[in-house]
Amino acid sequence: MKRTVKEKRNKGIGIVFCSAVYLFLFLPIFVVVANSFNATTTKPYLSWKGFTLDWYAKLWSNSSLLESFGNTMLIALLSTLLSTVIGTLGAVGIYRYKFKGKGIINGLLYIPVVIPEIVIGIALLTIFSNTGVPRGMLTLILSHVSFCVPYVIFNVRARLSGYDASIEEASMDLGANRIVTFFEIILPVLAPGIAGGALLAFTLSIDDVIISYFVNGQTKTYPLKVMESIKSGVSPDVNALSALLLLGTIGLVFITQSGILSGKHNKV
Amino acid sequence: MSGKTSKHEFRSNTLPALVTVGPVALLLLFLVVAPLILVAVMSFCKTDEYYNVVYDFTAANYGKLLSVDYLKIYARSLLISFTTTLICVLIGYPFAYIIARTKSKKKKLLYMLVIIPFWTNSLIRIYGWRSFLGNSGWLIKILTFLHIADGSVDLLYKTGTTILGMVYCFVPFMVLPLYTAIEKLDGSLLEASSDLGARPLRTLFEVILPLTSGGIFSGCIMVFIPCLGYFFVSNILGGGNTDMIGNLIERQFKSANNWPLGAALSIILILVTLLLVKIYQKLGGDMDSLGV
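Reading guide: rules and limits
Residues numbered from 1 in each chain as written. Chains lettered and ligands numbered in written order. Predicted model: local features only at pLDDT ≥ 70, side-chain atom pairs only at ≥ 80, totals over all residues. Contact = placed C-beta atoms within 7 Å. Nonpolar A, V, L, I, M, F, W, Y, C, P; charged D, E, K, R; others polar. Axes fitted to C-alpha atoms, helices over the stretch in contact; angles between N-to-C directions. Helix = DSSP H or I, 4+ residues; strand = E, 2+ residues; numbered from the N terminus. Parallel < 35°, antiparallel > 145°, perpendicular 65-115°, else oblique. Left-handed = near helix turned anticlockwise from the far one by under 90°. pLDDT = per-residue confidence, 0-100. Buried ≥ 20, exposed ≤ 12 C-beta atoms within 10 Å, placed from the backbone.

Participant: Help me understand the interface of chain A and chain B, please; the structure alone is not making it clear to me.
Facilitator: When the parts of a complex come together, some accessible area is lost, and that lost area is often used as the size of the interface. With 64 residues of chain A at the interface, the matching set in chain B holds 67 residues. Here the side of chain A that touches chain B is composed, by residue class, of 50 nonpolar, eleven polar and three charged.

Shown next as structure tokens:
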């Protein structure tokens, strides 16, 4: 009897503790969403002046904000595509073939992961400035690819460790060439790892502040647009865009998790 | 004949290896190795009166790193990063333990709820904290309403505020490796420990913690190192009062235009990182668990 009372009490403490941590994690998001409904029109847009939906309408006429958001999406899509292709090929090659310098490549992959982002940012700025590459869209995409590729490789590699190479031999014995084997045999096996890597790359790219801050030139991404406006006060249409984004991503996850897209028969 | 087969083998292995690994190798060479070497070289360079980098050897930048003002900032950086890491362990461990060991069907949801905040840009969330804590923010209003504080309290621009922001940014990076480590923990070991008469605290210190120490170490690496460089958190919440080494580097490249000095500071940060990663490996840490 005594034990169960104690267990119940412990469980209660656990629930309260976890709820507090979740509250901590979501509190600033509530603030951001609440401020998107704030009727205030004076900088720094912090005191509450009543409820309005105006900012959601005004958002669509804020062309510089929309442009920065478009840039972020374009950079994220292209750098995800590039880093997924480069990373998947690389992971397969590193796993599959023997070559000189394999250990070095494996070691170098950890550099963008462990070195603080600010160092990667200034290092990329330095090389672009020294080689005369004009800073903008191109340097942003190259930089994002460089920090996303290792994550794609790690994800695909995790999938490769349980991979049986004899199915490739079987494929080739049955007359498929290397390229057909790659697309028909290797890729489907690795698909979950590739998808996970791509999702991570996309997330890292849209959220990146620090590296983009050094290599952007005149091109503004959405996070950089926010950074620029922080000094004078972030206007609530930025909050409105964030709120819409959050709603969109939660919706997307809900759809994918609930199996509407994949179909029930795929769930085991 | 034998020459022909070896040639065939050569072709069949080199070309695919080149096609698959070549792009990664080029990427690492031009966007990781070359930039870092350039930074190392630049850290020994001078600047002319127009702040252009002059490739002329000097060790003066490293001399400047020893100024008292800078030493204070390093000490503050280490203090903030250390405190942040400690708080992340203290919050993250029990939290990860509860969600990893829950038998509830909502486990997946509980896990997703740790990741969802990431989808709102980190700058916006930190700005959310600033508006929550600021003197026209809601916290002050609530505290004033409850007569706990009056309007004169200022919660922003203090070391504690920066630490709060850092903990906020990095607690998920502590929770996720811990969650993985704790989930792998075999429940029957805990039962065995308790059956053999160990009290819960003893089970914690002699069974649970040693078996999940890998998760703690990788969480600490994933919090401590990036924390040193997260300049925007101390900019927004610390308002210049809580500058860290990241702020120093940012300033050399963005406003003070002393790139060689910024490069020297970055080299210090790289050395600290390498040292910590070496210690991590010595402790048996797995590099792959740093990747997520």
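Participant: Looking at this model, I keep getting lost on the packing of helix 3 (residues 68–101) of chain B against helix 7 (residues 159–184) of chain B. Mind explaining?
Facilitator: Each pair of packed helices gets described by two things: the angle between the helix axes and the distance between those axes. All names here are of chain B. Where helix 3 contacts helix 7, the axes come no closer than 6 Å and their chain directions differ by 40 degrees. By the angle between their directions, the pair helix 3 and helix 7 is classed as oblique. Every pair of crossing elements has a handedness; the one defined by helix 3 and helix 7 is right-handed. Of the residues belonging to the contact of helix 3 with helix 7, the class tally is 21 nonpolar, five polar and two charged.

Participant: Can you help me understand the confidence of the model for chain B in this one?
Facilitator: Predicted coordinates in regions of low pLDDT should not be interpreted in detail. Of all residues in chain B, 95% attain a pLDDT of 70 or more, and the chain-wide mean is 88. This prediction of the complex comes with two scores: 0.89 for pTM and 0.90 for ipTM.

Participant: What is the right way to look at unusual backbone geometry in this model?
Facilitator: In most cases, non-glycine residues show a negative phi, while peptide bonds are predominantly trans. All names here are of chain B. In this structure, Tyr 157 is a non-glycine residue whose phi angle is positive, near 60 degrees. Positionally, Tyr 157 belongs in the loop between helix 6 (138–145) and helix 7. Residues other than glycine seldom take positive phi values, yet Asn 257 does so here, at roughly 55 degrees. Note on placement: Asn 257 falls in the loop between helix 11 (245–254) and helix 12 (259–282).

Participant: How should I be thinking about the environment of Lys 225 of chain A in this particular structure?
Facilitator: Residue and element names in this part refer to chain A. For Lys 225, the position within the fold is in helix 11 (residues 222–230). Classification of Lys 225 as buried rests on a count of 22 C-beta atoms within 10 Å. Spatially, the C-alpha atom of Lys 225 lies 17 Å from that of Thr 139, the residues being 86 residues apart in sequence. The contacts of Lys 225, once residues within four sequence positions are left out, are Leu 65, Ser 68 and Lys 220.

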